[in-house]
Amino acid sequence: MSKSIRIMPSVKNGDDHGVQSSKPSQLQDTEDQELEYVSRLTGGRSSATTRRLYAKAAAEFKVSWQKHKQERENKVAQAVRAELNEYISGKCAAMKEVAAKIEHTYQNYLAQTAVVEDKTRAVMVAIVEKQQKLLVSIDVRIPCRLTVTGDRSRWRSRNTRR
């Protein structure tokens, strides 16, 4: 059973970029490894030229595969970034909306509290005014008042001193 490997030139957009020109030392190591692999595959029966051809094709395929793999990873990373940015933007908009609602509710609370405090203050002023009127009328009608000293309470006249 014979195995065949297609040799594809590394031509893209009309430019011929040789693999060896980009990374010569790493490529030589790769070629040597590929030569050993091809030699094992062919059982040592192929010529050195064939082995080199297979090794070069395998190295080009490997570089091409790695390049496509990197492109796919970049596309996935871009898609993830775009989706993440969209999600974050949505959450930021939702947070701003909630903050606006909270601010609106707080302003309503402050307004309602001010109204209640104004009403309370008006009632307290009215109570104090009536209390003063009552105290004046009591002082006019009854000239003595109850004084509490210690555990005894007694009536004293306004004019008497202790």
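Just so we're clear, the structure is a prediction, and the values are computed from it rather than from any experiment.

Helix and strand content of the chain: 3 helices and 4 strands. Reading the chain from its N end, one meets helices and strands in the order β-β-α-α-α-β-β. Within the span of the chain, comprising 162 residues, buried residues form 10% of the whole. Look at the contacts in the chain between residues 6 or more apart in sequence, and 38% of them connect residues 24 or more apart. Accessible surface, the chain: about 14600 Å² in total, of which carbon and sulfur atoms supply 56%.

So, on to a nonpolar patch on the surface. Taken together, the side chains of Leu-84, Tyr-87 and Ile-88 make up a nonpolar region of the molecular surface, amounting to roughly 310 Å² of accessible area. With respect to the element layout, Leu-84 can be found in helix α3 (residues 48-141).

Applying the stated criterion across every chain, the model contains 2 salt bridges. For Lys-101, the salt bridge goes to Glu-97, with nearest N and O atoms at 3.6 Å. Here Lys-101 pairs with Glu-97, and both are found in helix α3, just 4 residues apart, close to one helical turn. A relative accessible area of 51% places Lys-101 in the exposed class. A relative accessible area of 47% places Glu-97 in the partly exposed class. With a closest N to O distance of 3.4 Å, Asp-118 and Arg-121 form a salt bridge. One end of the pair, Asp-118, and the other, Arg-121, are both in helix α3, 3 residues apart, so they sit about a helical turn from each other.

As a further point, take the confidence of the model for the chain. Per-residue confidence for the chain gives a mean pLDDT of 76, with 59% of residues at or over 70. Averaged over each element, pLDDT in the chain is lowest for helix α1 (residues 19-22) (43) and highest for α3 (92). Every residue in residues 6-23 scores below 50 in pLDDT, and together they form 18 contacts with partners more than four places removed in sequence or on other chains.

Parameters and conventions
- Residues numbered from 1 in each chain as written.
- Predicted model: local features only at pLDDT ≥ 70, side-chain atom pairs only at ≥ 80, totals over all residues.
- Heavy atoms only, no water.
- Helix = DSSP H or I, 4+ residues; strand = E, 2+ residues; numbered from the N terminus.
- Buried < 20%, exposed > 50% of the residue type's maximum accessible area, 1.4 Å probe, protein only.
- Contact = heavy atoms within 4.5 Å.
- Areas by Shrake-Rupley, 256 points an atom, 1.4 Å probe, with all protein chains shown as cover.
- Patch = residues over 30% accessible without salt bridge, like charges linked within 9 Å, V, L, I, M, F, W, Y side chains within 5 Å.
- Salt bridge = Lys/Arg side-chain N within 4 Å of Asp/Glu carboxyl O.
- pLDDT = per-residue confidence, 0-100.

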